[in-house]
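Structural characterization, general
Residue-level listing of the chains:
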Amino acid sequence: MSGEQKAKAKGEQAKGKVKEALGRMTDNERLEAEGRAEQAKGDARDAKEKAKDVFKH
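Conventions and cut-offs
- Residues numbered from 1 in each chain as written.
- Predicted model: local features only at pLDDT ≥ 70, side-chain atom pairs only at ≥ 80, totals over all residues.
- Heavy atoms only, no water.
- Helix = DSSP H or I, 4+ residues; strand = E, 2+ residues; numbered from the N terminus.
- Buried < 20%, exposed > 50% of the residue type's maximum accessible area, 1.4 Å probe, protein only.
- Expected span 1.5 Å × (residues − 1).
- Contact = heavy atoms within 4.5 Å.
- Polar contact = N/O pair within 3.5 Å; in protein donor to acceptor, adjacent residues only side chain to side chain.

**Structural notes on the environment of Lys10**
Tracing the chain through its elements places Lys10 in helix α1 (residues 2-26). With relative accessibility at 47%, the residue Lys10 sits in the partly exposed group. With 27 residues separating them in the primary sequence, Lys10 and Ala37 have C-alpha atoms 14 Å apart.

**Observations concerning helix α2 (residues 29-56)**
An ideal rise of 1.5 Å per residue puts 40 Å on 28 residues; α2 measures up with 41 Å between its terminal C-alpha atoms. Those residues of α2 not exposed but buried are Leu31, Glu32, Gly35, Glu38, Gln39, Gly42, Arg45, Asp46, Glu49 and Asp53. Looking at the packing, one finds that the buried side of α2 touches α1. At the N-terminal boundary of α2, the capping side chain belongs to Asn28, with an oxygen 3.1 Å from the backbone nitrogen of Arg30.

**Section: the side chain of Asp53**
You can see Asp53 is positioned in helix α2. Residue Asp53 is classed as buried on the basis of its relative accessible area of 17%.

**Quick look at the environment of Ala9**
Along the chain, the position of Ala9 falls in helix α1. Placed 30 residues apart in sequence, Ala9 and Gln39 show a C-alpha to C-alpha distance of 8.6 Å. Look past the residues within four positions of Ala9 in its chain and what remains in contact with it is Gly42, Arg45 and Asp46.

Read these as spatial facts, not as claims about activity.
Right, here's the structure in full:
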């Protein structure tokens, strides 16, 4: 399960980066903000999984 969550986190981070870049290119502030939010969500999920790994070992 942990590997699945880590992959999900990386996917959210990548998707967020694409949205943010697309928002910048098209001058769409809403899309850019959505991208940053999605990256933050991925970062939080990644941090949670890393913390779980620390306590597991």
